[in-house]
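Commentary on secondary and tertiary structure
Residue strings, one per chain:
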Amino acid sequence: MEFSRQSSSPRPISLIPMINVVFLLLSFFLIAGQIGGSRTGGVELPLSSQPRDPLGEGVVLTLLANGQILVDDEAVKPERVAVRVVEKQGRADVPLLVQADKQADGAVLVRLLAALEAEGVAHVALLTEGF
Amino acid sequence: MEIPRNERRISAGVAMTSLVDLTFLLMIFFMVTTTFSSAQQVDMAVSAKARAGAVSEDNLLVRLEERQILLGGAVQSPEKLRKAVRDALAKEPEATVTLAVGKKVAVQFVIEVMDLVNGAGATKVVLSEP
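Residues numbered from 1 in each chain as written. Chains lettered and ligands numbered in written order. Predicted model: local features only at pLDDT ≥ 70, side-chain atom pairs only at ≥ 80, totals over all residues. Heavy atoms only, no water.

1. What about the environment of Glu79(B)?
Residue and element names in this part refer to chain B. Condition: A run of H or I in DSSP counts as a helix once it spans at least four residues, and a run of E counts as a strand once it spans at least two, with each numbered from the N terminus. Whether a residue is buried, partly exposed or exposed follows from its accessible area with a 1.4 Å probe, protein chains only, as a fraction of its type maximum: under 20%, in between, or over 50%, in that order.
Inspection of the secondary structure assignment puts Glu79 in helix α2 (residues 78–91). A relative accessible area of 53% places Glu79 in the exposed class. Between the C-alpha atoms of Glu79 and Gln41, which are 38 residues apart in sequence, the distance is 25 Å.

Here's what the structure looks like:
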């Protein structure tokens, strides 16, 4: 019995499906991700197990673990925070997003929020990390 | 005069190899540098007035000290707090839970207690100074 001999030249790999998949992955990473550090800029947000509202836009107040306070990435003294936030907000309906490090002192955060409330800042939201 | 036709055909296809190289390079770059954020926001209410004496009977005052939950001066377990919140809501569905944040309390612990209180059904949670 005679077997047909297979040709010795290898079959060329079809590149088109591979390119399709690679482009698909590329588009996914472009759309779904953010390059480099996330928007929180290295602040470790507290983890929350409850479903919360999606993140919106607004003036960002950062409370670092060492107690330093930043308003839109600009260091501000604790006594000047409320005034600076009101200046940044311009209009009163711009929400204030507070990103406090999970190791930061809760009492400092509450004092800060109370000072903001006294200054008339109405919409304050605390950022958390979902699971 | 007849021009002799070149028998060898030159392929006019696109050079795929460089395209694939570049695409892979881009893909690896995005895979390495991309971070996925799942940040969410919790609308906060702070009440400087909601101190110990000012909290009415229908509302619940919870003190936080270090990693302890204090209810009526006694340290309570998370389960006890959950039950206390449910009892308060059964009496007054619009009850406000005030979290008085004391010294040496990390923000993470405040959020954990807020999760617990929200999980028990309370929608109005207020932070206050001790």
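Picking up after the structure, the text goes on.
2. Here's the deal with the environment of Ser128(B)
All names here are of chain B. Within the secondary structure layout, Ser128 lies in strand β7 (residues 124–128). In this structure Ser128 comes out as buried when scored by relative accessible area, which is 1%. Considered as a pair, Ser128 and Arg63 are 65 residues apart in the sequence and their alpha carbons are 9.4 Å apart.

3. Quick word on the sheet that holds strand β4 (residues 68–71) of chain B
Residue and element names in this part refer to chain B. Put simply, the rule is: Here, a strand pair is defined by DSSP locating no fewer than two bridges between the strands. All axes here are fitted lines through C-alpha atoms, helices being fitted over the stretch that makes contact, and every angle between N-to-C directions spans 0 to 180 degrees. Pairs of residues are marked as contacts when any of their non-hydrogen atoms sit within 4.5 Å.
Spatially, β5-β4-β3-β6-β7 is the arrangement adopted by the 5 strands of the open sheet, whose pairing is mixed. For this open sheet the edge positions go to β5 (74–76) and β7, each flanked by a neighbour on one side alone. When strand polarity is set aside, the average angle formed by the axes of neighbouring strands in this sheet is 35°. Relative to β4, strand β3 (residues 60–65) runs antiparallel, the two sharing 4 bridges. Across the sheet, residue Val62 finds its bridge partner in β4, namely Leu71. Docked against the sheet, α2 engages β3, β4, β5 and β6 (96–101), running at close to 40° with respect to β4. Running at roughly 165° to β6, helix α3 (residues 107–119) makes contact with β3, β4, β6 and β7 of the sheet.

4. A word on the interface of chain A and chain B
In plain terms, the rule: Buried area is calculated as the accessible area (1.4 Å probe) missing from two parts once they are joined, with the contributions of both summed. Should a side-chain nitrogen of Lys or Arg be within 4 Å of a carboxyl oxygen of Asp or Glu, the pair is scored as a salt bridge. Between N or O atoms, a polar contact is any pair within 3.5 Å; within protein, one atom must be a potential hydrogen donor and the other a potential acceptor, and residues adjacent in sequence are included only when both atoms are from side chains.
Listed per partner, the contact involves 50 residues of chain A and 40 residues of chain B. Summed over both partners, the interface of chain A with chain B buries about 4100 Å², with 65% contributed by carbon and sulfur atoms. If you look at where chain A meets chain B, you find 0 salt bridges. At the boundary of chain A and chain B, one finds 10 residue pairs in polar contact (both at pLDDT 80 or more).

5. Points about the sheet that holds strand β4 (residues 69–71) of chain A
The strand order β2(A)-β2(B)-β7(A)-β6(A)-β3(A)-β4(A)-β5(A) describes an open sheet built from 7 strands, whose pairing is mixed. Two strands lie at the open edges of the sheet, namely β2 (53–54) and β5 (74–76) of chain A, each paired on one side alone. As paired strands, strand β3 (residues 59–63) of chain A and strand β6 (residues 96–100) of chain A are joined by 5 bridges and run parallel to one another. Note on β6(A): the bridge partner recorded for Thr62(A) is Gln99(A).

6. Quick word on the nonpolar core
Let me state the cut-off plainly: Working definition of a nonpolar core: buried Ala, Val, Leu, Ile, Met, Phe, Trp, Tyr and Cys residues. They are joined through side-chain atoms within 4.5 Å.
Leu61(A), Leu96(A), Leu64(B), Leu81(B) and Val85(B) are the most contacted members of the largest nonpolar core, which has 50 residues in total. For this core, the element with the highest residue contribution is α3(B), accounting for 8 residues. In this structure, Leu64(B) is in contact with Ile69(B), Ala100(B), Val101(B), Gly102(B), Val105(B), Phe109(B), Val110(B) and Val113(B), ignoring residues within four places of it in sequence. In this structure, Leu45(A), Leu97(A), Leu127(A) and Ala39(B) belong to the second largest nonpolar core, which totals 7 residues.

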